[in-house]
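A look at the structure
What follows is each chain in one-letter form.
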Amino acid sequence: MEGKVYSNEYSKKMSERSWQWVLEALPYTEPFLFVDELTNIHATGAEGRYRFPPDAYFYKGHFKDRPVTPGVLLTECCAQIGLVSLGIFLLKNEKNLQHLTIGMSSTAMEFLKPVFPGEIVRVVSVLEYFRFQKLKCSVKMFNEENNLVCKGTIAGMIGFNNG
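Figured I'd write up the structure that's included with this text. Predicted, not measured: the structure shown is a model, and the values here were computed from it.

**What to know about the packing of aromatic side chains**
Within a pair of aromatic rings, the relevant descriptors are the distance that separates the centres and the angle that separates the planes. If you walk through the whole model with that rule in mind, you get seven aromatic pairs. The interplanar angle of 80° and the centroid separation of 5.3 Å between the aromatic rings of Y57 and F58 together place this pair among those described as edge-to-face. Taking the relative accessible area as the measure of exposure, Y57 reaches 48% and is therefore partly exposed. Clustering of aromatic rings is evident, with ring pairs tying together F32, F34, Y50 and F52. Taking the ring centre of Y129 as reference, the NZ or CZ of R131 above it sits at 4.1 Å.

Right, here's the structure in full:
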């Protein structure tokens, strides 16, 4: 991620109820950004939405006659909304978010329903712990009918490099 210069305006954004500043700090871009909107973030969890585009490249081969979103991408969506976005929020007082480094360390997910092309999902995370740069959350993903799609725990290292 390119180094950003954060102004007083950026600091002001961080104190507003809008979480656009978190989206701007995410270290992802298309086609590997799985966050459209953050609807809530607080000290113990995060919530957001993502629409899986019907023309996404991965649907062509998964599966050829009945496209379904791969579980690894459901997990990534949960991680980006529920873990990384929360981690950025928790580190909001740091002045060097542009040097943020992230690495997933473990996942344990259970998949309950398929997600089809064009579906909008909602991810909710609950903080289990954040210490020594390790963040662990329980996550749940729901479809538009509010049915549980998948759930589990995700952990990762989140901190700063010297860059």
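Still more ground to cover, so stick around.
**Some points on the pairing of strand β2 (residues 45-51)**
Sheet topology note: the strand β1 (residues 37-42)/β2 ladder contains five bridges and is antiparallel. Its bridge partner being in β2, H42 is matched across the sheet by G45. Counted between consecutive antiparallel strands, the loop separating β1 from β2 contains two residues. Bridge count for β2 against strand β4 (residues 120-131) is seven bridges, and the pairing is antiparallel. In the strand pairing of β4, A46 is matched with S125.

**Regarding the nonpolar core**
One finds I41, F52, C77, C78, I88 and M141 to be the most contacted residues of the largest nonpolar core, which totals 42 residues. Elements with a minimum of two residues in this core: α2 (20-25), β1, β2, α3 (71-90), β3 (100-111), β4, β5 (134-142) and β6 (148-160). If you tally residues by element for this core, the top one is α3, at 11 residues. Discounting residues that sit within four places of it in the chain, I41 has contacts with W19, V22, A46, S85, L86 and F89.

**Observations regarding the side chain of N143**
Following the sequence through the fold, N143 ends up in the loop between β5 and β6. For N143, a relative accessible area of 9% puts it in the buried group. A polar contact is formed between the side chain of N143 and the backbone nitrogen of E145, at a distance of 3.0 Å. A distance of 2.9 Å separates a polar atom in the side chain of N143 from the backbone nitrogen of N147. Not counting the four nearest positions on each side in its chain, N143 is found in contact with K113, E119, I120 and V149.

**Details of the environment of F142**
Residue placement: F142 occurs in strand β5. Take F142: its relative accessible area is 16%, and that puts it in the buried class. Linking F142 and V124, residues 18 residues apart in sequence, is a C-alpha distance of 8.3 Å. For F142, the contacting residues outside a window of four places in its chain are I120, V121, R122, V124, N147, L148 and V149.

**Some remarks on α3**
Its 20 residues give α3 an end-to-end C-alpha distance of 27 Å, which sits within 8% of 28 Å, the value for a rise of 1.5 Å per residue. Along α3, the helix axis deviates most sharply at A79, where the bend reaches about 35°.

**Concerning the pattern of salt bridges**
Under the defined criterion, the tally for this structure stands at three salt bridges. The salt bridge partner of K136 is E128, with a shortest N-O separation of 3.9 Å. A residue is classified by how much of its surface remains accessible, and K136, at 24% relative accessible area, is partly exposed.

What counts, and where the lines are drawn
Residues numbered from 1 in each chain as written. Predicted model: local features only at pLDDT ≥ 70, side-chain atom pairs only at ≥ 80, totals over all residues. Heavy atoms only, no water. Phe/Tyr/Trp six-rings, centres within 6.5 Å; stacked < 30°, edge-to-face > 60°. Buried < 20%, exposed > 50% of the residue type's maximum accessible area, 1.4 Å probe, protein only. Lys NZ or Arg CZ within 6 Å of the ring centre and 35° of its normal. Pairing = 2+ DSSP bridges. Helix = DSSP H or I, 4+ residues; strand = E, 2+ residues; numbered from the N terminus. Core = buried A, V, L, I, M, F, W, Y, C linked by side-chain atoms within 4.5 Å. Contact = heavy atoms within 4.5 Å. Polar contact = N/O pair within 3.5 Å; in protein donor to acceptor, adjacent residues only side chain to side chain. Expected span 1.5 Å × (residues − 1). Bend = angle between axes of the 7 residues up to and from the residue. Salt bridge = Lys/Arg side-chain N within 4 Å of Asp/Glu carboxyl O.

Remember, this is a structural readout, not a statement about activity or role.
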